[in-house]
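Take a look at the letters that make up each chain.
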Amino acid sequence: MGKIVAFSNKKGGVGKTTTVVNMAAYCAEFGRKVLIVDIDSQGNATTGLGFSKSALKKSVYNVLIDDEKAAQNILPTKVKLLDILPANVDLTSAEVDLVYKHNRERTLKEALDKIRGDYDYIFIDCPPSLGLLTINAWVAADSIIIPMQAEYYALEGVSQLMNTISMVKQHLNPGLQIEGVIITMYDGRAIISRQITAEIKKFFKNKLYEIIIPRNVRLSEAPSHGVPVMLHDPKCVGARAYKALAEEFLSRQR
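About the criteria used
- Residues numbered from 1 in each chain as written.
- Predicted model: local features only at pLDDT ≥ 70, side-chain atom pairs only at ≥ 80, totals over all residues.
- Heavy atoms only, no water.
- 1 Å grid on protein atoms, 1.4 Å probe; cavity = no way out; pocket = protein on both sides within 12 Å on 5 of 7 lines; lining within 4 Å.
- Points joined across faces, edges and corners; volume = space filled by probe spheres on them.
- Helix = DSSP H or I, 4+ residues; strand = E, 2+ residues; numbered from the N terminus.
- Nonpolar A, V, L, I, M, F, W, Y, C, P; charged D, E, K, R; others polar.
- Core = buried A, V, L, I, M, F, W, Y, C linked by side-chain atoms within 4.5 Å.
- Buried < 20%, exposed > 50% of the residue type's maximum accessible area, 1.4 Å probe, protein only.
- Contact = heavy atoms within 4.5 Å.
- Expected span 1.5 Å × (residues − 1).

Peer 1: Looking at this model, I keep getting lost on the layout of surface pockets. Mind explaining?
Peer 2: A water-sized probe, rolled over the atoms, reveals where empty space remains. Computed from the structure, the largest pocket encloses a volume of approximately 500 Å³. If you trace the largest pocket, you find 31 residues lining it, with Gly15, Lys16, Thr17, Thr18 and Met185 closest to the centre. Residue assignment for the lining of the largest pocket shows that the elements contributing at least two residues are helix H1 (16–29), helix H2 (44–48) and helix H9 (217–221). No other element matches the six residues that H1 contributes to the lining of the largest pocket. Across the lining of the largest pocket, the residue classes tally to 14 nonpolar, 13 polar and four charged. Along the walls of the second largest pocket sit Val63, Asp67, Glu68, Lys69, Ala70, His102, Asn103, Thr107, Glu110, Ala111 and Lys114, which together make up its complete lining. The greatest single-element share of the lining of the second largest pocket, amounting to three residues, is contributed by helix H5 (residues 107–113). Its residues placed into classes, the lining of the second largest pocket shows three nonpolar, three polar and five charged.

Structure, rendered in structure tokens:
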């Protein structure tokens, strides 16, 4: 049975989608079969892997709202062993449409349970909010990875995030765990970055991944080419960091 990991942070712009796409790509390079589920209405994981949201007729929306099978809506990517259940423009109304569904918090779980045996890992790219789509992801997931920037406001929303995770664990998914925390977009020249990283480590202890993702122009360029950084510039510092992070993630699974 594949492991389902939700990547989540209520704060936007923290490198969440970049982390999902590149960790998934490197896990696939290491021989794992991986599925990305894009439930962020911005659809950045979808476009970052070369798909046009406006051109897609089928997406995760049809799985959530129309009860279509996930397997019928999955697309292969340019990376061997990496698939995506994409987002399209319809997903913007999914939060509202889900409200009227029976058992609405478990819709994604029921869909993914049917295919989790086909993958080693399923990575869910969550919206930067704590709404119904994110709750669906947490109910479906075995664990959560929290990407965080080493900046002044990084820890501001963490207590609310942790409280909401605790509520979901208590009422909807008792097995849910914090998989880990990843420092992203790190600027080692800034004293504040080092100070905030120390605070994050103090708060999360051994849940914090040792590999830190630096700010890197090539990382930010890759989505505009519709590929993960490993296919854009595999030798850049960002690519090397995500490759090492995927190795650390997989070693923790053992």
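Peer 1: Would you mind going over the nonpolar core with me for this structure?
Peer 2: Judged by nonpolar contacts, the single largest core of 51 residues is most densely connected at Val37, Leu108, Leu112, Ile124 and Trp138. With seven residues, helix H6 (residues 132–140) is the largest single contributor of residues to this core. Residues in contact with Trp138, not counting those within four places in the same chain, are Ala6, Ser8, Cys126, Leu130, Ile144, Leu161, Thr164, Ile165, Val168, Asn173 and Leu176. In terms of nonpolar packing, the next biggest core, distinct from the first, is built from 37 residues, Phe7, Leu56, Ile182 and Leu245 among them.

Peer 1: Explain H1 to me, please; I cannot follow it from the model alone.
Peer 2: Given 3.6 residues per helical turn, the α-helix brings residues three or four places apart onto the same face. With 14 residues, H1 extends 20 Å between its outermost C-alpha atoms, agreeing within 8% with the 20 Å of an ideal straight helix rising 1.5 Å per residue. Taken together, the buried positions of H1 are Lys16, Thr17, Thr19, Val20, Val21, Asn22, Met23, Ala24, Ala25, Tyr26, Cys27 and Ala28. Looking one or two places after H1, you find Gly31, whose phi comes out positive at around 95°.

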